[in-house]
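A structural walkthrough
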Amino acid sequence: TQLLEQSPQFLSIQEGENLTVYCNSSSVFSSLQWYRQEPGEGPVLLVTVVTGGEVKKLKRLTFQFGDARKDSSLHITAAQTGDTGLYLCAGERDSNYQLIWGAGTKLIIKP
Amino acid sequence: DTAVSQTPKYLVTQMGNDKSIKCEQNLGHDTMYWYKQDSKKFLKIMFSYNNKELIINETVPNRFSPKSPDKAHLNLHINSLELGDSAVYFCASSPRAMPDTQYFGPGTRLTVL
């Protein structure tokens, strides 16, 4: 059983469209990190959200941490081909000091 | 000035062989990790060392043995390779022990034939 469920698993859209991907759990997390992994590379941190209800913006990317700190979303406005990649969320739980990883959303932006 | 580097990038070998993957970080971080990413892209922690001391050792066959000669290096030796070991192996580092931000290397794609 995955502690962190990411959805959708796969998303393919046209350049210029908007999209949202989700990272959900029944467990509470102290913080949640979002990474992007491009083909042939390792994941790279995009953002860390810590406070319930927190919203962080990174240019066209908007990250939100749920009020109950059990879920998070990533919204991309006017997607570009450079946004293509695997988006991974990883959560920190209070009960231990490991990161719990989701299985990722594979995003393809078509020109 | 690569932050986390791994060698080799690709490794193709026969079942039963022994192989090693090397990792170095020049970020001055205290903690290093080995992850395995399978064909479904699921990232799974294998080991973590903090200042050369093993702090995370997940359920991994004992054919896998990490070695940290100093806090900037963490190598992974695999004995008696099996088909199921085929995956991409990522080294990562963080300033402090997990769950601090992970800085990943470019990965080593291991194919066991």
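Residues numbered from 1 in each chain as written. Chains lettered and ligands numbered in written order. Predicted model: local features only at pLDDT ≥ 70, side-chain atom pairs only at ≥ 80, totals over all residues. Heavy atoms only, no water.

Moving on, we come to the interface of chain A and chain B. Listed as interface residues are 19 residues of chain A and, on the opposing side, 19 residues of chain B. Linking chain A with chain B are 0 salt bridges. Counting across the interface, chain A meets chain B through 4 residue pairs in polar contact (both at pLDDT 80 or more). For the side of chain A that touches chain B, the secondary structure elements donating two or more residues are strand S4 (31–37), strand S5 (44–49), strand S9 (85–92) and strand S10 (99–101) of chain A. A breakdown of the residues in the side of chain A that touches chain B according to their chemical character gives 9 nonpolar, 8 polar and 2 charged. (Contact = heavy atoms within 4.5 Å. Salt bridge = Lys/Arg side-chain N within 4 Å of Asp/Glu carboxyl O. Polar contact = N/O pair within 3.5 Å; in protein donor to acceptor, adjacent residues only side chain to side chain. Helix = DSSP H or I, 4+ residues; strand = E, 2+ residues; numbered from the N terminus. Nonpolar A, V, L, I, M, F, W, Y, C, P; charged D, E, K, R; others polar.)

A few words on the pattern of salt bridges. Residues and elements named next belong to chain A. For the coordinates displayed, the defined rule picks out 7 salt bridges over all chains. A salt bridge links Arg36 to Glu38; the shortest N-O distance between them is 3.9 Å. A relative accessible area of 39% places Glu38 in the partly exposed class. Measuring nitrogen to oxygen at the nearest pair gives 2.9 Å for the salt bridge that ties Asp83 to Arg60. With a gap of 23 residues between them, Asp83 in the loop between strand S8 (71–76) and S9 and Arg60 in the loop between strand S6 (55–58) and strand S7 (61–65) connect regions that are remote in the sequence. By relative accessible area, Asp83 is classed as buried at 3%. Judged by its relative accessible area of 24%, Arg60 falls in the partly exposed class. (Buried < 20%, exposed > 50% of the residue type's maximum accessible area, 1.4 Å probe, protein only.)

Residues and elements named next belong to chain B. Taken in spatial order, the 4 strands of this open sheet run S1-S3-S8-S7, and their pairing is antiparallel. The strands lining the two open edges of the sheet, one partner per strand, are strand S1 (4–7) and strand S7 (64–70). The average angle at which neighbouring strand axes cross in this sheet is 20°, direction not considered. Sheet topology note: the S7/strand S8 (residues 73–78) ladder contains 5 bridges and is antiparallel. (Pairing = 2+ DSSP bridges. Axes fitted to C-alpha atoms, helices over the stretch in contact; angles between N-to-C directions.)

Attention now goes to the sheet that holds strand S1 (residues 5–7) of chain A. Residues and elements named next belong to chain A. The 5 strands lie next to each other as S1-S3-S8-S7-S6, forming an open sheet whose pairing is antiparallel. Both outer strands of the open sheet, S1 and S6, are each paired with one neighbouring strand and no more. Pairs of neighbouring strands in the sheet enclose a mean axial angle of 15°, with direction left out of account. With 5 bridges connecting them, S7 and S8 associate as antiparallel partners.

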